[in-house]
Amino acid sequence: MTVFKEKMIQDMKLRNFSSRTQVCYLRHIEHFENFFDSDADSLNSDHIREFLAHAIDVRNLSTGYVNQAYSALRFFFESTLDQHWDIKYIPKVKKQKKLPVILSKKEIQAIFDRVNNLKHKGY
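All values derive from a computational prediction rather than experimental measurement. (Residues numbered from 1 in each chain as written. Predicted model: local features only at pLDDT ≥ 70, side-chain atom pairs only at ≥ 80, totals over all residues. Heavy atoms only, no water.)

Student: Hey, could you run me through a nonpolar patch on the surface in this one?
Tutor: Together, Val101, Leu103, Ile108, Ile111 and Phe112 give the surface a local cluster of nonpolar side chains, amounting to about 460 Å² of exposed area. Within the secondary structure layout, isoleucine 108 lies in helix H5 (residues 105–114). With relative accessibility at 36%, the residue isoleucine 108 sits in the partly exposed group. (Patch = residues over 30% accessible without salt bridge, like charges linked within 9 Å, V, L, I, M, F, W, Y side chains within 5 Å. Areas by Shrake-Rupley, 256 points an atom, 1.4 Å probe, with all protein chains shown as cover. Salt bridge = Lys/Arg side-chain N within 4 Å of Asp/Glu carboxyl O. Helix = DSSP H or I, 4+ residues; strand = E, 2+ residues; numbered from the N terminus. Buried < 20%, exposed > 50% of the residue type's maximum accessible area, 1.4 Å probe, protein only.)

Here it is in structure tokens:
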């Protein structure tokens, strides 16, 4: 483990991150390093943009996963490496809005018709 990863772990503990968050953030940093076959501390914002764009365009990962990777990288570069993070140059992915599923009157009636107990039918 590199000195910077050890410092990142220490920074996360000082911020009282949950153990699950620590594991996830470290995994994202490892994926970032493996993608470029280089240590994360030697990479820059252009690499971050390329990594996140690849995750969205090629790997077709969810916005939640990409935003978690974004947060891990941002924490590593800002808190651990003390580097400036330009939000305009590396924007966060906008979360997709999903419409709720609305049942039709026939579907609702079919649900009530299948109920045997009068208590559950709402009488």
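Additional details are given in the paragraphs that follow.
Student: What am I meant to see in the pattern of salt bridges here?
Tutor: Once their charged atoms are close, side chains differing in charge can pair, the charge on each being opposite to the other. Applying the stated criterion to the full structure yields 3 salt bridges. The salt bridge partner of glutamate 33 is lysine 5, with a shortest N-O separation of 2.8 Å. Here glutamate 33 is found in helix H2 (residues 19–36), whereas its partner lysine 5 is found in helix H1 (residues 3–14), with 28 residues between them in sequence. Assigned by exposure class, glutamate 33 and lysine 5 land together as buried. Taking the shortest distance from any N to any O, the salt bridge between glutamate 78 and arginine 74 comes out at 3.3 Å. Residue glutamate 78 and its partner arginine 74 are located together in helix H4 (residues 63–80), separated by 4 residues, close to a single helical turn.

Student: What am I meant to see in the packing of aromatic side chains here?
Tutor: A ring pair, where both rings are aromatic, is described by two values, the distance of the centres and the angle of the planes. Taken as a whole, this structure holds 11 aromatic pairs when the rule is applied. With 5.3 Å between their ring centres and 75° between their planes, phenylalanine 32 and phenylalanine 51 make a pair best called edge-to-face. Of the two residues, phenylalanine 32 sits in helix H2 while phenylalanine 51 sits in helix H3 (residues 45–57), which places them 19 residues apart along the sequence. A single burial state applies to phenylalanine 32 and to phenylalanine 51, both of which are buried. (Phe/Tyr/Trp six-rings, centres within 6.5 Å; stacked < 30°, edge-to-face > 60°.)

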